[in-house]
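Structure at a glance
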Amino acid sequence: LFRLVPSAAVVKGLNTLSAWALQNGLLAGKQVFLCGESGEAKQAVAHLATKLGLTVLDKGSLSAARELEDFPLKLFPEWRLPLSIAVGLSAFFFFYLLIRDVIYAYVEKKNEISYRIMVALANKVVFPIVALVMLSLCYLPGAIAAFFQLYRGTKYRRFPNWLDRWMLCRKQMGLVALGFAVLHAIYTFIIPIRYSFRHKLISGVVDEVKNNKTTPSYFDNTEAWGTDSFISLGILGFFLFVLLGLTSLPSVGGSLSWREFNFIQSKLGHLTLFICTAHGYIYGWNKFLRPSTYKWYTPPGYMLCLIVPSVVLVLKLLLLLPCVDRALTRIRQGWERTQPKEMDEIKTTNL
Amino acid sequence: LFRLVPSAAVVKGLNTLSAWALQNGLLAGKQVFLCGESGEAKQAVAHLATKLGLTVLDKGSLSAARELEDFPLKLFPEWRLPLSIAVGLSAFFFFYLLIRDVIYAYVEKKNEISYRIMVALANKVVFPIVALVMLSLCYLPGAIAAFFQLYRGTKYRRFPNWLDRWMLCRKQMGLVALGFAVLHAIYTFIIPIRYSFRHKLISGVVDEVKNNKTTPSYFDNTEAWGTDSFISLGILGFFLFVLLGLTSLPSVGGSLSWREFNFIQSKLGHLTLFICTAHGYIYGWNKFLRPSTYKWYTPPGYMLCLIVPSVVLVLKLLLLLPCVDRALTRIRQGWERTQPKEMDEIKTTNL
Amino acid sequence: LFRLVPSAAVVKGLNTLSAWALQNGLLAGKQVFLCGESGEAKQAVAHLATKLGLTVLDKGSLSAARELEDFPLKLFPEWRLPLSIAVGLSAFFFFYLLIRDVIYAYVEKKNEISYRIMVALANKVVFPIVALVMLSLCYLPGAIAAFFQLYRGTKYRRFPNWLDRWMLCRKQMGLVALGFAVLHAIYTFIIPIRYSFRHKLISGVVDEVKNNKTTPSYFDNTEAWGTDSFISLGILGFFLFVLLGLTSLPSVGGSLSWREFNFIQSKLGHLTLFICTAHGYIYGWNKFLRPSTYKWYTPPGYMLCLIVPSVVLVLKLLLLLPCVDRALTRIRQGWERTQPKEMDEIKTTNL
Ligand SMILES: Cc1cc2nc3c(=O)[nH]c(=O)nc-3n(C[C@H](O)[C@H](O)[C@H](O)COP(=O)(O)OP(=O)(O)OC[C@H]3O[C@@H](n4cnc5c(N)ncnc54)[C@H](O)[C@@H]3O)c2cc1C
Ligand SMILES: Cc1cc2nc3c(=O)[nH]c(=O)nc-3n(C[C@H](O)[C@H](O)[C@H](O)COP(=O)(O)OP(=O)(O)OC[C@H]3O[C@@H](n4cnc5c(N)ncnc54)[C@H](O)[C@@H]3O)c2cc1C
Ligand SMILES: Cc1cc2nc3c(=O)[nH]c(=O)nc-3n(C[C@H](O)[C@H](O)[C@H](O)COP(=O)(O)OP(=O)(O)OC[C@H]3O[C@@H](n4cnc5c(N)ncnc54)[C@H](O)[C@@H]3O)c2cc1C
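Sequence positions are assigned chain by chain, starting from 1 and proceeding in written order. Chain letters start at A and ligand numbers start at 1, both assigned in the order the entries are written. Two thresholds apply to this predicted model, a pLDDT of at least 70 for residue-level local features and 80 or more for giving and counting side-chain atom pairs, whereas whole-chain, interface and lining totals are computed over all residues. To get the side-chain values, take all heavy atoms of the structure and skip hydrogens and water.

1. Considering helix H13 (residues 301-320) of chain C
An α-helix turns once every 3.6 residues. As a result, residues three or four positions apart point the same way. Residue and element names in this part refer to chain C. Only DSSP runs of H or I reaching four residues or more are called helices, and only runs of E reaching two or more are called strands; each is numbered from the N terminus. A helix's residues, less one, multiplied by 1.5 Å, set its expected span. Between its first and last C-alpha atoms H13 spans 30 Å; for 20 residues at 1.5 Å apiece the expected length is 28 Å, and the two agree. What is called the bend at a residue is the angle between a pair of axes, fitted to the seven residues leading up to and ending at it and to the seven starting from it. Where H13 bends most, the angle comes to about 30°, and this point is Ile307, followed within four residues by the proline Pro309. Here H13 has its buried residues at Gly301, Tyr302, Met303, Cys305, Leu306, Pro309, Ser310, Val312, Leu313, Leu315 and Leu319. Whether a residue is buried, partly exposed or exposed follows from its accessible area with a 1.4 Å probe, protein chains only, as a fraction of its type maximum: under 20%, in between, or over 50%, in that order.

As structure tokens, this is what we get:
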């Protein structure tokens, strides 16, 4: 029986490493902790691990297994970066929009709309904006990596360190983005219950009746199409977003083959990004050219947040051009512009 | 350690097969791929697999394990059928309702309501309809199988091929149905934000005030009960639906015993189907006999979509009749109307 | 290969036991069923299990493994208690509120508001109330246990039986609470579609226009802040609640280290409880002192349901006081007020 134990420990040790990392042999030099009763079994495991390019630290007998479990003293190390990016982005956009919307209204029009801080600012702007930017930050490193590979003409050189770190926290980045998207969705569902929504509706009607206007009886077909497409795209994007999140559950991801997982994450992910970006563009479709949207010469939040996704989509489009795509595929299959490496390494990285 | 590897590979090979299939020995003839370093271990695995009625193809040494992973060249093979059924149903109902609602209104009343295509058609009709039909298609094959067993008086004969294929993709069918149900739910939550909803509300009020009607002050108690039960049933059905989806997550399902899993999927599943069907019936409770609902002599979409679920529920009710139920239980415990088979086979299938 | 089988069976046997239980050595006396072909392997497993303080019942050869699977004849035994608590609480609050709201209105004001039973009663009161009470019942035993440990000055004495049972079903209790919270959320999203909501809105406007009141044009800033914070807290609490639920999925929980899991469940759990309680307090912020809320001298439901959470939060706050916290930490690290036990036991419980 004890032959089973070390393997479990290794799985424990390995489960913090991403499949992408293993695939690309990026882990050379990383440490894996091992422990177990039978020296023979440990050796076999260590052998396997070294083959994968890992440094094995033997932590001794079975009783050390507990210690190994407690090893990640830092809680959620791989969530640090995405979470701090999310907090930073949220803070930036919050203050940007606070100044633009609430303070601007107060200074220029003497309106007290501080109540907006709570829900409107959070919903209308911060959550969707951060979700979209974080989502695009998930797919930006992949595009950058591809350009690196194209430029260098080989896939056997390591990416710069910052790109490595970025690529290794894409999963967490995506899940944080999903969290913000969920909050955005809930806030949207809840809008009609808000006091200010109902107040606006009621006072709008009352105004109208008193002034005997007949505007609202006129049904604006373009407006209906606009809002309905806006909403539909949002729903579809959210649905795909949640699907991405579901496949990244360990048990669901584990039941897919590697190709299926990659297909969903990469193809469906870019589709999600595209739909969510379109959702953002439609929101502002008739406001881009209106000067009144540029209060104090600053663009509204949703315009700022469309920059990164648009860049990612354009880069991806470039990569999908037939000639670029062919070159990239060749490079990834092990072809090199310069000189061939020894077969052994190709095999390892081709995993 | 290497003794572990082949077993992992087998698990890999087996995890595409459903428990139902294993249980019923339907897999005779299917191929399982095997690989591993130690010939001894492989033999043991092959032995086990052959006992289960599987054809084992030895794929050679450990290095072939990678190949084995890449084997399902076709992406998501078991999702093909459910997805194409879903697409087919969606397309059919979309065009059916496009003709009935939008084109009818355009032809007969000269109303331009094309904006409806986007959200109203999708929400009010296509999503819930497809979700309900797909859900009932999940439970129809079980009922058909039971009638087959009753008719043949044995459980040792294989079902016809189409039924087999159908039964093996019920999980995917259910999950696709869940996806449509989720979309239906989100669309429903979003309704009050839509331009046309607010427009209708406002212009309704304005109209009323102008014409000095007093209708809306009258609170229709039946209507309130009707819509509230409709909504409650929808929420409850959706909740159970999501619960079904949760238990079909590999990790959750794996932590349940087989009996618990079956209890949830079968009992709760039929309850879900019942509640969702009731939700549909209440929607149309006061419209079934009104001639104005039959535009161009065609029934509205929700009537069409209630046919399959109703049939499934009636069949299930028949199967629950004491006498039928007793006969079925006896058959499933291995009893046969004709002649007894050898004990060995009974054991295998009784698993 | 067969060496693997018994271990799998043990895992099967052990997976109904919670980590907390194993950690605290509470399982002494519990029975674990074992089976397997090789006597040697079984012995090793039995040895391990006995070390963990479990009573091992050998169930014989491999063919008995099936039986072992079928053993939990009672479906979902650990869900019994939480579900019956949930049903009991729901029934109590349902009738309490039925009397207070519907029957009171009928008796005193001759209003027929029975339609409220369906959605309003369920949403406004029963679901959120039960969710909050169940959530606090999740965290109450932890606080009680801490006080027990403080009072006894040791952690090596078993808790009374009722506390044990309570602590072992906290997971299920939390998930049932989550279910109610989800229902509450869906009901809230659906409110604006309800007939009575729209009716109230419309008749409100019509009334106003007729009587030429100008109240609604006045925008109540305090009200806007109040409802918006109420909603924001609700959303945040719900989000954290769902996060708790996600980490309790076996596959997600399994990919976290024990410390991370505990951090989320305990710290984030108490935060969730705090936010949800605040959500409840804000709901009634301006109603606590109004005599009209005390119909027939009974407090409204949301006041009743705030009692337990408030108690839990106060207890937790006491435990967080520096001096208490220090004493507790010392006790949990194995320190005892009376006499030291043998090292062996400390090791076992320190796991
Ligand atoms: C909700 C959500 C959940 C997510 N969950 C996960 C998750 O669980 N796991 C995860 O990893 N990501 C996850 N992500 C992040 C993201 O979806 C994935 O990282 C996705 O695979 C990125 O796709 P890509 O095409 O940009 O990158 P990749 O497919 O990684 O490709 C990026 C670059 O790597 C190089 N490359 C790729 N394949 C090869 C190869 N075979 N040989 C050599 N070089 C190669 C190429 O240069 C390529 O351009 C999640 C995102 C979201 C929004
Ligand atoms: C959201 C969602 C998720 C789903 N996830 C899953 C999933 O993960 N896995 C899955 O399998 N299904 C899944 N389904 C599909 C469905 O819920 C299940 O297949 C369900 O068990 C069908 O129940 P049943 O009673 O109709 O069929 P079954 O329980 O399969 O019975 C069908 C017929 O098989 C025969 N039969 C059953 N038991 C025996 C026996 N012991 N011996 C001989 N014959 C027998 C009988 O003729 C019986 O009538 C899902 C559905 C939904 C909506
Ligand atoms: C949606 C949802 C899902 C949930 N899922 C789960 C789940 O999957 N699993 C689960 O267990 N709970 C789950 N819960 C319940 C709850 O979140 C956890 O039980 C949580 O850990 C309780 O935290 P606590 O601080 O009150 O208790 P604990 O952390 O258990 O501490 C309780 C008491 O135990 C004693 N104690 C704790 N640690 C030690 C120690 N090292 N040595 C000696 N004594 C100690 C102390 O007296 C302490 O006060 C869930 C709750 C919700 C709402």
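We are not done yet, so read on.
2. Observations concerning the UniProt feature "transmembrane region" (unreviewed entry) in chain A
UniProt positions are given in the numbering used here, feature names are shortened, and annotations may be inferred rather than shown by experiment. Per the UniProt annotation, the sites labelled "transmembrane region" (unreviewed entry) are residues 83-107, 127-151, 172-193, 230-256, 268-286 and 301-324 of chain A. Taken end to end, residues 172-193 of chain A is 86% helix and 0% strand, and its two terminal C-alpha atoms sit 33 Å from one another.

3. Considerations on the side chain of Ser90(B)
Mapped onto the secondary structure, Ser90(B) falls in helix H5 (residues 80-109). Not counting residues up to four positions away in its chain, the partners in contact with Ser90(B) are Val126(B), Val130(B) and Phe180(B). When checking whether two residues touch, look at their non-hydrogen atoms; a contact exists if any pair is within 4.5 Å.

4. Focus: the state of the cysteines
Cysteine sulfur pairs qualify as disulfides if the two atoms are within 2.5 Å. For the coordinates displayed, the defined rule picks out zero disulfides over all chains. Of all cysteine sulfurs in the structure, the one in Cys169(B) sits closest to Cys138(B), which takes part in no disulfide; the separation is 8.3 Å. We note that Cys305(C) lacks a disulfide partner, and the nearest cysteine sulfur, in Cys276(C), lies 11 Å from it. Note on Cys305(C): relative accessible area 5%, which makes it buried.

5. Quick look at the pattern of salt bridges
Just to be clear on terms, a salt bridge is a Lys or Arg side-chain nitrogen sitting within 4 Å of an Asp or Glu carboxyl oxygen. Enumeration over the complete set of coordinates arrives at three salt bridges over all chains. Among the salt bridges present, the one from Arg194(C) reaches Asp228(B), with a minimum N-O distance of 2.8 Å. With Arg194(C) in the loop between helix H8 (170-190) and helix H9 (195-211) and Asp228(B) in helix H10 (residues 221-247), this pair bridges two chains. Under the relative-accessibility criterion, Arg194(C) is labelled buried at 8%. In this structure Asp228(B) comes out as buried when scored by relative accessible area, which is 1%.

6. So, the site of ligand 3
Residue and element names in this part refer to chain C. Whether a residue is near a molecule or strand depends on its heavy atoms: if one lies within 4 Å, it is near. What surrounds ligand 3 is a group of 26 residues, the closest being Tyr139, Gln149, Gln265, Ser266 and Arg332. In the model, an oxygen atom of ligand 3 is placed 2.6 Å from a nitrogen or oxygen of the Tyr139 side chain. The term polar contact refers here to a pair of N or O atoms within 3.5 Å; inside protein, the definition further demands a hydrogen-donor-capable atom paired with an acceptor-capable atom, and it admits residues adjacent in sequence only when both atoms are side-chain atoms. Between an oxygen atom of ligand 3 and a side-chain N or O atom of Ser266, the distance comes to 2.6 Å. Across the complex, the protein chains shield 88% of the 950 Å² of accessible surface that ligand 3 would expose by itself. Of all the elements in the fold, those that place two or more residues in the shell around ligand 3 are helix H2 (19-23), helix H6 (120-152), H8, helix H10 (221-247) and helix H12 (258-283). The element contributing the most residues to the shell around ligand 3 is H6, with seven residues. Only the protein chains shown count as covering a residue, and every accessible area follows the Shrake-Rupley method with a 1.4 Å probe.

7. Concerning the packing of aromatic side chains
Paired rings are identified among Phe, Tyr and Trp, the last through its six-membered ring, by centres lying within 6.5 Å, and are further divided according to the angle between planes into stacked (under 30 degrees), edge-to-face (over 60) and tilted (the rest). Taken as a whole, this structure holds 31 aromatic pairs over all chains when the rule is applied. Aromatic side chains Phe94(B) and Phe95(B) sit 5.5 Å apart centroid to centroid with 80° between the ring planes, which places their arrangement in the edge-to-face category. Phe94(B) gets classed as partly exposed once you look at its relative accessible area, which sits at 25%. Taken together, Phe148(A), Phe159(A), Trp162(A) and Trp166(A) form an aromatic cluster joined through their ring pairs.

8. Remarks on empty space enclosed by the protein
Think of a 1 Å grid over just the protein atoms. A cavity is a set of points where a 1.4 Å probe fits yet cannot get out, a pocket is an open set with protein on both sides within 12 Å along at least five of seven lines, and lining residues have an atom within 4 Å of a point. Grid points are joined across faces, edges and corners, and a volume is the space filled by probe spheres set on the points. If you walk through the whole model with that rule in mind, you get three cavities of 30 Å³ or more. Reported here for the second largest cavity is a volume of approximately 80 Å³. Lining the second largest cavity, in full, are Pro192(A), Phe197(A), Arg198(A), Leu201(A), Pro192(B), Phe197(B), Arg198(B), Leu201(B), Pro192(C), Phe197(C), Arg198(C) and Leu201(C). Counting only elements with at least two residues in the lining of the second largest cavity, the list comes to helix H9 (195-211) of chain A, helix H9 (195-211) of chain B together with H9 of chain C. Considering only residue class, the lining of the second largest cavity consists of nine nonpolar, no polar and three charged. Under the scheme applied here, ten amino acids are nonpolar (Ala, Val, Leu, Ile, Met, Phe, Trp, Tyr, Cys and Pro), four are charged (Asp, Glu, Lys and Arg), and all others, including Gly, are polar.

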